[in-house]
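# Residue-level structural notes
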Amino acid sequence: MLVTNRFVVAVEAADDFTVRAHAALAALAARPGYRRGELLRALDDPRHWCLLTEWESVGTYRRALGGFDVKITAVPLLAESLDEPSAYETLAGAAPEGEVVVVESDRAARPQR
């Protein structure tokens, strides 16, 4: 499961944002179920940033958000991200020069009533 939190940061605030993003990434990385994470900046517009994290499952990500260090460092930063969908499940993947492997969705075929 991938989580992408996108941010628009004023150029003069980039240094402070970077420090806070590094602390958030470290807090998230310490939680069970965390696989990897990256802080990214757009090449075309240095005001646009993304915090990308990969998790074992939706449950491990949601539980990670409840951790004390995450509540103190990551949650305030994540609250500043653009208001848009940020959690994505993997539906297909391919290794370099590999075949596409399709994965079944974890979502129910039809919503429960």
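Our subject is the structure that appears above.
Residues numbered from 1 in each chain as written. Predicted model: local features only at pLDDT ≥ 70, side-chain atom pairs only at ≥ 80, totals over all residues. Heavy atoms only, no water.

### Some details on unusual backbone geometry
- In the Ramachandran plot, Glu97 falls in the positive-phi region, its phi being about 60° despite a non-glycine side chain.
- Structurally, Glu97 is set in the loop between strand 5 (92–93) and strand 6 (101–102).
- Assessed through its relative accessible area of 89%, Glu97 is described here as exposed. (Helix = DSSP H or I, 4+ residues; strand = E, 2+ residues; numbered from the N terminus. Buried < 20%, exposed > 50% of the residue type's maximum accessible area, 1.4 Å probe, protein only.)

### Here we look at the pattern of salt bridges
- Counted by the stated rule, this structure contains seven salt bridges.
- With a closest N to O distance of 2.5 Å, Glu84 and Arg6 form a salt bridge. Placement of Glu84 in the loop between helix 3 (68–78) and strand 4 (87–88) and of Arg6 in strand 1 (residues 2–8) is noted, with a sequence separation of 78 residues between them.
- With relative accessibility at 29%, the residue Glu84 sits in the partly exposed group.
- In this structure, Arg35 engages Glu54 in a salt bridge whose closest nitrogen and oxygen atoms are separated by 3.9 Å. One end of the pair, Arg35, is in strand 2 (residues 34–41); the other, Glu54, is in strand 3 (residues 48–55), with 19 residues separating them in the sequence.
- A single salt-bridge network, built from bridges that share partners, covers Arg35, Arg36, Glu38 and Glu54. (Salt bridge = Lys/Arg side-chain N within 4 Å of Asp/Glu carboxyl O.)

Limitation: the analysis is restricted to geometry and does not speak to function.
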